[in-house]
Amino acid sequence: MLITRATLTRSIRHIRSFYSSHDALPPVQTITGPLDLINVEEFRAKAFALEKPLLITARNASKAEDVKISPCSIPAADKWFIGGVSRDAESSFEREGSVILSQEYLAPFADTILPYELITPSSKDLGIVETSELSSLLKHYLQYSDGTTFHRFSAPLSLFLLASKTPNPPALYIAQAQLLDLPSTLQADLPTPHLVLQAGKGDIYDSNLWMGIPSTYTPLHKDPNPNLFVQLASRKRVRLFEPRAGLGIFREVQKSIGRVGNGGAIRGNEMMEGPERDGLYEAVWGKGVVGRENGGFETVVGPGDALFIPKGWWHSFMSVGTGVTGSVNWWFR
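Calculation rules
- Residues numbered from 1 in each chain as written.
- Predicted model: local features only at pLDDT ≥ 70, side-chain atom pairs only at ≥ 80, totals over all residues.
- Heavy atoms only, no water.
- Pairing = 2+ DSSP bridges.
- Helix = DSSP H or I, 4+ residues; strand = E, 2+ residues; numbered from the N terminus.
- Axes fitted to C-alpha atoms, helices over the stretch in contact; angles between N-to-C directions.
- Contact = heavy atoms within 4.5 Å.
- Buried < 20%, exposed > 50% of the residue type's maximum accessible area, 1.4 Å probe, protein only.

## A closer look at the sheet that holds strand β16 (residues 296-301)
For step 1, the next point in the chain: Taken in spatial order, the four strands of this open sheet run β12-β18-β14-β16, and their pairing is antiparallel. Of all strands in the sheet, those bounded by a partner on one side alone are β12 (217-222) and β16. In this sheet, adjacent strand axes meet at a mean angle of 15° when their direction is disregarded.
For step 2, the next point in the chain: Bridge count between strand β14 (residues 235-241) and β16: six bridges; the pairing is antiparallel. The partner of Arg-237 across the bridge, within β16, is Val-300.
For step 3, the next point in the chain: Each of β12, β14, β16 and β18 (314-320) is contacted by helix α9 (residues 275-285), which is oriented at about 85° to β12, the strand it contacts most.

This is the structure we're talking about:
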């Protein structure tokens, strides 16, 4: 059953606060402190037990000039990525744009096979220089893709390393790479946070790595288990909707395109290209945002930040800036 909705008339503006991008949706509740020092009881009381989203950050966002990069408790943040924040001289905003991969550190693992996603202008147009080495490799990996503009395939890490240092690269995305499939050295760089191990039963349903060349985008969907999402490099904007509100958005989009969907529990190909992708994007991120009473929230996660997404809460991610993005998440209970 859809709940009452009110149209928010204020247009979307540029990000003016580090944690909430504009007035369209209220910010996610925040607690301050390094992830590895957050009290488990406080986390349970404010988020896990209540099934409410929570942003954990070690930064002070009260003033733009106070926003600084803080150390991340996940070693991969410092070992895998190089760069930080640059300030816009004409405004008070800080922006990501200089984050790159540490080619030296990651090169020994170049043969590691990973799951990729790529959106192209068309099935024949990759959107990059045809004669480049990267173009030749992508044509090889996409030759068996059944997608029109959205493609999933497996390839070695070396493809991402090459793309990240190629001028004007495509938005290549390492999506949902299971940590257990990574070399032991890389797994050790991504230790499980104590909140995941202690807040609930200690059961980890799955844990995954996400690395992308902007711009990257994940459509509105929900997870079957609680999710702790940790940002390693660059920033992502996130919009979250409580279960009934998110289901209402999803059903309306499905109805508008004459389709009965999968319920939003998985990121199917239909959500990543064509009318469903366009409809979900407009419903969640469009200028005429549809708000739902007590249903929607928004935040920006930066390096070292962790976002708790409760079971069944709908969410959509979008990269911010031009730097390589890195994230890791744990689904647990």
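## A word on the sheet that holds strand β17 (residues 306-309)
For step 1, the next point in the chain: Strand order in the open sheet formed by nine strands is β2-β3-β17-β13-β19-β11-β10-β8-β9, and the pairing between neighbours is mixed. Two strands lie at the open edges of the sheet, namely β2 (30-32) and β9 (150-156), each paired on one side alone. Ignoring strand direction, the axes of neighbouring strands in this sheet form an average angle of 20°.
For step 2, the next point in the chain: Pairing between β2 and strand β3 (residues 54-57): three bridges, direction parallel.

## Comments concerning the pairing of β12
For step 1, the next point in the chain: Of all six residues that make up β12, five are buried, and the element is covered over most of its length.
For step 2, the next point in the chain: Bridging between β12 and β18 involves four bridges; their strand directions are antiparallel. Of the residues in β18, the one forming a bridge with His-221 is His-315.

## Comments concerning unusual backbone geometry
For step 1, the next point in the chain: Cis geometry marks the peptide bond from Pro-214 to Ser-215; its omega dihedral reads 0°.
For step 2, the next point in the chain: Examined against the element boundaries, Ser-215 turns out to sit in the loop between β11 (204-212) and β12.
For step 3, the next point in the chain: One non-glycine residue with positive phi stands out, namely Gln-176, at about 60°.
For step 4, the next point in the chain: Assignment of secondary structure puts Gln-176 in strand β10 (residues 173-178).
For step 5, the next point in the chain: We note that Ser-234 has phi near 60°; this positive angle belongs to a residue other than glycine.
For step 6, the next point in the chain: Looking at the secondary structure, you find Ser-234 in the loop between β13 (227-233) and β14.

## Overview of the environment of Lys-222
For step 1, the next point in the chain: Secondary-structure assignment places Lys-222 in strand β12.
For step 2, the next point in the chain: Take Lys-222: its relative accessible area is 27%, and that puts it in the partly exposed class.
For step 3, the next point in the chain: In this structure, the C-alpha to C-alpha distance between Lys-222 and Trp-314, residues 92 residues apart in sequence, is 4.4 Å.

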